[in-house]
Amino acid sequence: MDDDGTLHSPFTQRLGTNYIPSHREVAQISAILHEPLQQLSALDVQISALQAAQTKLKAAVERHIALCHPIRRFPNELLEEVFGYCLPTTHLPVMNALEAPMLLTHVCRLWRNVALSMPKLWTSLHIPAPYGRNRDNPELDFTATRLECVEWWLSHCKRAPLDRLSVYFSSAGPVMVSDNQSKLTLGTITEHAYHIRELTIDLHDTVLTEFSNIPPESFPLLEKIVVYGFGWGEGTARGGGIGAGSVWKAPKLTKIVWNGVGDVFLRLPLDWKRMQEIHVVPGGNTEPANYLTHMEARALIEAAPNVANLKVTLEPEHDIEYLDLPEEWRTFTFSTGVNLSKIYTLSHLTSLDILDCIYRESGGEKPEEFTFLSNLLLPALTTLKYDISYDASRRSKDPLVKFLQLQTRHHPVLITKWRVSATSMNQGSFFECLTLMPKLQHLHLRSTDALYNLRLQDEENYVDAGEYEIFPSDNLLDALLPAPSRARPAPYLCPDLKSLRCDSADFSVRELRSFVHGKTARVGTTISANMEGYVGFCEFSIISPPSFLTDTRISSAHVVKYCPAAPY
């Protein structure tokens, strides 16, 4: 064998062939390989030693490089700023090791120390209170374990204000509340009442009642309460009787969300003039206590003149009486003297979510009609979510059109976000409303499917859809196009429109292409022939196009591919 590793062998010509050596030749080959095999073993030992040395040296080098990494010189103050942006934005933080802030404590010791020293990372929390024990290990109480985790979490916010605390009792039905469940829910609320700013609760009736009776002085910082009372399964709404509690007198309480609670919102002992946000969502026909009459709704806003965010559902007075509610439930102490014919200005209201209805005064040959929006001035309104109970006997001008015309006579219309149900008005009124909203940026046409599904059964009636409700077609896209992109040089509606969402629509592919091209051209962008990847018009979605549309109409698959949906 030469120094260069070449192996001299009489069998070189036989290598790589099908030659079968004899017994004598096998012994000869073994003798030839004796020394090379020893040399190969020695090389393996040297390689192993070199690899070990390489691994050791590489680890030392990497540790020194890590010592010089810029992140080590990153100021803790900036690290805290970054951590603040890591918190979830679509939901409250939860006790999950895969989400911030818990995730930040599992990276390194420095990050853990910084995260645990930042009270603001731990000032929001959603607490689901589990029910029952571990099936495999009955001695393991889920609630006790959760209680320990909650106590650990809230200990790191120290005495900083608890910005948002949500407590949810996860039970499939009415059950007895254990001691640990009471500690986890009511106990946590009571212990930290002194620094809670916003509280969301969805709890068992027993706990809700105890909560409502907590003295108001226990919540010196409480600004908002959200109460969920929808029944579990087929049960009725929860929360009956909590309206008489004292917690609603908390000194800084200005916002309240009453969601499906089985008690009358109007009976709450609130400081109404201080209220800035009021959301009242009825619990359905089984718990109708929080449907408002027009008199009650007007009395409510007159009693709360500083409200900025309002959500209410109205029903005609005769419908509410039909629900056979106790008379004392309809008593609103400051509802006397309400005059719907009088113009009233709500100066601070910026967001309104309303399910309206028609109210007709009794008496006279031609009774006057009112809605919640009648004779109401909202100079600061920027967000409107509008629906109205369908009334086939309506003959007068659309209530929303009348409302917008009233606004234009007194102040500019500042509405930038509008969600409207398709059955709330006809096509003509819809276009008239768009004309009266020059600053509109976000439009959502919401289909309730009430009339829409009936017409889908008859294509002939489908053609006349615009006579009964809003039905988006090519005419809408054409009206929203900039002048250079339109077939006729007429003024176009909503020049600042940035997003359009239609739950149901009948757009042609050709008009949709023209619309997107026209909108993107305004900001100097271009799109490819298949319309993928455009960025000019930021949001466009169609949820459910008619099923009988021909190949020349737009389909749901097209829209999902071309125009990703964004919620409004």
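Here goes a summary of the coordinates provided. (Residues numbered from 1 in each chain as written. Predicted model: local features only at pLDDT ≥ 70, side-chain atom pairs only at ≥ 80, totals over all residues. Heavy atoms only, no water.)

**A few points about the overall build of the protein**
Line of reasoning, step 1. Scanning the protein from N- to C-terminus turns up 15 helices and 17 strands.
Line of reasoning, step 2. Across the 568 residues of the protein, 43% fall into the buried class.
Line of reasoning, step 3. Taking as baseline every contact in the protein between residues at least 6 positions apart, the subset at least 24 positions apart corresponds to 71%.
Line of reasoning, step 4. When the accessible area of the protein is evaluated, it comes to approximately 30,000 Å², of which 53% is carbon and sulfur surface. (Helix = DSSP H or I, 4+ residues; strand = E, 2+ residues; numbered from the N terminus. Buried < 20%, exposed > 50% of the residue type's maximum accessible area, 1.4 Å probe, protein only. Contact = heavy atoms within 4.5 Å. Areas by Shrake-Rupley, 256 points an atom, 1.4 Å probe, with all protein chains shown as cover.)

**Some thoughts on the pairing of strand β4 (residues 224-228)**
Line of reasoning, step 1. Of all five residues that make up β4, four are buried, and the element is covered over most of its length.
Line of reasoning, step 2. The parallel pair strand β3 (residues 198-202) and β4 is bridged by helix α6 (residues 205-212), and the resulting crossover is right-handed.
Line of reasoning, step 3. Where β4 and strand β5 (residues 255-259) come together, five bridges link them in parallel fashion. Counterpart to Val 226 in the pairing with β5 is Val 257. (Right-handed = clockwise from strand over helix to strand, strands pointing away. Pairing = 2+ DSSP bridges.)

**Observations regarding the packing of helix α2 (residues 76-85) against helix α3 (residues 109-116)**
Line of reasoning, step 1. Following both chains from N to C, one finds α2 and α3 inclined at 75°, their axes separated by 10 Å at the closest point. On the basis of their axis angle, the class for α2 and α3 is roughly perpendicular. Seen from α2, the contacting residues are Asn 76, Leu 79, Glu 80 and Phe 83; seen from α3, they are Leu 110, Trp 111, Val 114 and Ala 115.
Line of reasoning, step 2. Residue composition of the contact of α2 with α3, grouped by class: six nonpolar, one polar and one charged. (Axes fitted to C-alpha atoms, helices over the stretch in contact; angles between N-to-C directions. Parallel < 35°, antiparallel > 145°, perpendicular 65-115°, else oblique. Nonpolar A, V, L, I, M, F, W, Y, C, P; charged D, E, K, R; others polar.)

**A few points about the packing of aromatic side chains**
Line of reasoning, step 1. Enumeration according to the criterion identifies 11 aromatic pairs in this entry.
Line of reasoning, step 2. Ring geometry for Trp 122 and Trp 153: centres 4.9 Å apart, planes at 85°, overall edge-to-face. Of the two residues, Trp 122 is situated in the loop between α3 and β1 (124-129) and Trp 153 in helix α4 (residues 142-155); the sequence distance between them amounts to 31 residues. As far as burial versus exposure is concerned, Trp 122 and Trp 153 are alike and both buried.
Line of reasoning, step 3. A ring pair is formed by Phe 430 and Phe 431, whose centres lie 5.7 Å apart and whose planes are at 70°; its orientation type is edge-to-face. (Phe/Tyr/Trp six-rings, centres within 6.5 Å; stacked < 30°, edge-to-face > 60°.)

**Let's talk about the nonpolar core**
Line of reasoning, step 1. Core analysis: the largest hydrophobic core is formed by 115 residues, its most contacted members being Phe 211, Trp 248, Phe 265 and Trp 418.
Line of reasoning, step 2. Among the nonpolar cores identified, the runner-up in size contains five residues, and Ala 299, Leu 340, Tyr 359 and Phe 370 belong to it. (Core = buried A, V, L, I, M, F, W, Y, C linked by side-chain atoms within 4.5 Å.)

**Examining the pattern of salt bridges**
Line of reasoning, step 1. Overall, the coordinates contain eight salt bridges when judged by the stated rule.
Line of reasoning, step 2. Arg 164 is the partner of Glu 198 in a salt bridge, and the nearest nitrogen-oxygen pair spans 3.3 Å. Here Glu 198, found in strand β3, pairs with Arg 164, found in strand β2 (residues 164-169); they are 34 residues apart in sequence, far enough to count as distant.
Line of reasoning, step 3. Taking relative accessible area as the criterion, Glu 198 reaches 16% and is therefore assigned buried.
Line of reasoning, step 4. By relative accessible area, Arg 164 is classed as partly exposed at 39%.
Line of reasoning, step 5. The structure contains a network of salt bridges with shared partners spanning Lys 311, Asp 353 and Arg 419. (Salt bridge = Lys/Arg side-chain N within 4 Å of Asp/Glu carboxyl O.)

**Looking at the packing of helix α9 (residues 399-410) against helix α10 (residues 427-435)**
Line of reasoning, step 1. Contact geometry for α9 and α10: axes closest at 9 Å, N-to-C directions at 20°. By the angle class used here, α9 and α10 are roughly parallel. Between α9 and α10 lies a crossing whose hand is left-handed. On α10, the residues that touch Leu 400, Val 401, Leu 404 and Gln 405 of α9 are Ser 429, Glu 432 and Cys 433.
Line of reasoning, step 2. Residues that form the contact of α9 with α10 fall into these classes: four nonpolar, two polar and one charged. (Left-handed = near helix turned anticlockwise from the far one by under 90°.)

**Topic: unusual backbone geometry**
Line of reasoning, step 1. Omega for the bond connecting Ala 100 with Pro 101 falls within 30 degrees of zero, at 5°, which places this linkage in the cis form.
Line of reasoning, step 2. In this fold, Pro 101 is placed in the loop between α2 and α3.
Line of reasoning, step 3. Positive phi is not limited to glycine here, since Lys 158 has a value of about 55°.
Line of reasoning, step 4. Inspection of the secondary structure assignment puts Lys 158 in the loop between α4 and β2.
Line of reasoning, step 5. Residue Lys 158 is classed as partly exposed on the basis of its relative accessible area of 46%.

**Observations regarding helix α1 (residues 23-67)**
Line of reasoning, step 1. The end-to-end C-alpha distance of α1, which contains 45 residues, comes to 64 Å, matching closely the 66 Å that a straight helix rising 1.5 Å per residue would cover.
Line of reasoning, step 2. The sharpest bend along α1 measures roughly 35° and falls at His 34, with the proline Pro 36 sitting one to four residues further on. (Expected span 1.5 Å × (residues − 1). Bend = angle between axes of the 7 residues up to and from the residue.)

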